[in-house]
Structures are given as structure tokens and as C-alpha cells.
Amino acid sequence: VVSDRTIAEDSDEALCRRVAARDERAFDLLVSRHQARAYRVAWSLLRDVEEARDCAQEAFLRVYRTAGAFRGDARFSTWLYRIVVNLCLDRRRRARWWRRLVAPAAGDPAADDPLERVAAPGRAPDELAGEAQAMSRLWRAVERLSPQQRAALLLQVQEGLPTREIATVLECSEATVRVHLHRAVTALRTTLGRQA
Amino acid sequence: MMDDHVELELVPYLSGELDAAARTRVAAHLAGCVGCRRLADDAREVLGRLAATLPAPPEIHWGRFRADLARRLEAPAPRSWRARPVPLLAGAALAALLVVIAVRGLGHRGAGGDPLALEDPGIGARLGLFESFRVVERLELLELLENLDVIRDLDRLPQGEG
């Protein structure tokens, strides 16, 4: 019998091995360590609270059910990122297909503005109107990137992952990640009024 | 001129993940290339602005998150198609059968959807029957039977006519 104190000191990878042996306490601990990260990444890619919550839960369900497949070649967090990103990209792909089928006409442009769907900033809106407008343009441009470019960019900017780890998450080469990042930045710099 | 290799290394360069040799090479290239320097400045600005304005995800109730997760964990896992091949194969076979029937039905419709065209192949296949006199003879017998019925019904005609 392993005490709670020992488990709490275990690495993520060791906990994952325990989860493979159906250790419920190890799974609880893994979830508590990574739930905010999984939800944050899912929300960044989906921009929908319910979808992000559902995706994060689904990711942990997959961790529980497939923990035995985790070989430990990469960090547990990298594996979790890969599961979450794959789930999100699948969900966006399905949602895009469904939207094209049932609502081919363009909707309200404001509804697609990610800044319209986040909490209001702490400062007065009129104080930051110009800046917010520029940021809104920038984040709208992020929304228009290809799913792979967007995922690579968010993993780089938001999660601070190096190219090598992003490549592992996206299951592609480092060279491909560099191309994704370069094209993303090239597309976004036009929102600053620069020519590509 | 812009070197593609250096161009692709700008983001890793700006995020500080290149090794010393690569960092030195990119820095030397930027020092001598106005276009690359401008692109690097823009990339730095874009990445900086994004990092500074990352929208925080809306707060959620983590207790509810864990409770929902526990509930979903107790639910039976969705079975993959490998776990139930027979019903899926039966469904696929039925679907294939329906497709075959539909395709054959469309194929028999003939040009223009003429309903008579549906009968043509059937009649053509039976033309051999009309070469047999006995068949036609029997058809005449059927006509005779009809005539007998008419004669029998003559008794039921109203009286006083003719």
C-alpha cells in the first residue's frame, strides 16, 4: 500500500503508470494537476466554455482508458496536450462541416470575434477602445488561421512550448512546425498594416 | 536577399530556443538583411502583442468538472466497431443490398422514364411463348368460356324487349 504522501510526490509519468494499473488516487492527482491546463488549451482552440469543458473531460477519460499505452518517451504533459489538441481539431472539423451543411450563409461577424466572448477587461472600455480594436483584429486574424497554424501558434505563445515539443503534440516534424509558425506570423503581420 | 532557412528560424530565434551556433548565424544574417530584419521586427511585435493580450478562459466550477468527470468515468466506455463487428457487418450488407436494388431499379427505368419501356424487356423475353399454337388455342378457350357466361346471362335480360 502506497501512502498519499508518496503518491503526491510522484512525477506525472509515475502517476500515469499507476493509472494504467487502475489506481484511482493517482488519476485524481493527475487530473488536479492538469485540469486547468487541459481546459485552457481546449478553450483557446474552441472558444466555447461548454465545448472546452467537455473536451478536457474527454481527454482525461482517454488518459484513464489508455494510460497503458503511454510509453514515457515524452512527458505526460506533452501526451495530454496531444490528446486535447487532437480532440479539439476533430471537433472543429466536425463543427465546420456541420455549419457548412446547415448554415452556409455568413452569420453575425461579431459572433466570430473571440474578444466578444471573453470577460470584459478590468479597465474602462473607452480607455482602451483603440487598443482593443487592434487586438480584436489580431485575434480575429488568429481565428482565420488554419487549425494546424493556430494550434502551433497557441502552443508557442500561450503554453510556451518549444518547436520540438509542438512537433510531438501535432505529430509532425519540427520543420513543419516552423513552417506553420512562419506562415501564421506572416498572415498576422498584415493586421499590423505591414505588407507580407 | 531573404534566406528561406533563416526565415523559418525567426520564431525559434525570437523565442530563444536556438542553440548558440544557430543563434549567431541568424543574428549575423539579420544584421546584413533589411528585409529579414523588418520581418523579424514584425514577428516580434505580433508574438509580443499576442502574449500580452492572451484572453483568459472564463472561470468554471472545478468541483462540478470533477463530478462530471467521475460520472462519465463510471459510464461504460463506448464500444469500438471491433467489439461489435457482426451488427455492423450486417448493417453494411443491408446498406449494400439496398444500394444494389436502387441502382438496378434505376437501370431498368430506361430512357425518359417511359413506363412502357419497363414492359418491353419482359415481353421480349416471352415472345417464344407466342410461337406455340397451343397456348394461343387455350387463350381462345378462355374467350369461349366468357361467351358461355354471356349466353347464361341472357336469361336474366328484361322481358319484352326485341
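About the thresholds
- Residues numbered from 1 in each chain as written.
- Chains lettered and ligands numbered in written order.
- Predicted model: local features only at pLDDT ≥ 70, side-chain atom pairs only at ≥ 80, totals over all residues.
- Heavy atoms only, no water.
- Helix = DSSP H or I, 4+ residues; strand = E, 2+ residues; numbered from the N terminus.
- Buried < 20%, exposed > 50% of the residue type's maximum accessible area, 1.4 Å probe, protein only.
- Salt bridge = Lys/Arg side-chain N within 4 Å of Asp/Glu carboxyl O.

(A) Fine view of unusual backbone geometry. All names here are of chain A. We note that Arg 22 has phi near 65°; this positive angle belongs to a residue other than glycine. Despite not being glycine, Arg 47 shows a phi value in the positive range, around 55°. By the element assignment, Arg 47 lies in the loop between α3 (24-46) and α4 (49-66). Taking relative accessible area as the criterion, Arg 47 reaches 5% and is therefore assigned buried.

(B) Structural context of the pattern of salt bridges. This structure, assessed with the given rule, holds 24 salt bridges over all chains. Its salt-bridge partner being Glu165(A), residue Arg75(A) comes within 2.8 Å of it at the nearest N-O pair. Residue Arg75(A) is located in the loop between α4 and α5 (76-102), and its partner Glu165(A) is located in helix α8 (residues 163-170); the two are separated by 90 residues in the primary sequence. A relative accessible area of 10% places Glu165(A) in the buried class. Here Arg25(B) makes a salt bridge to Glu9(B), at a shortest N to O gap of 3.0 Å. Of this pair, Arg25(B) sits in helix α2 (residues 20-32) while Glu9(B) sits in helix α1 (residues 4-14); the two residues are 16 residues apart in sequence, bridging distant segments of the chain. By relative accessible area, Glu9(B) is classed as buried at 3%. When salt bridges that share partners are traced, they join Glu51(A), Asp54(A), Glu58(A), Arg62(A), Arg91(A) and Arg72(B) into one network.

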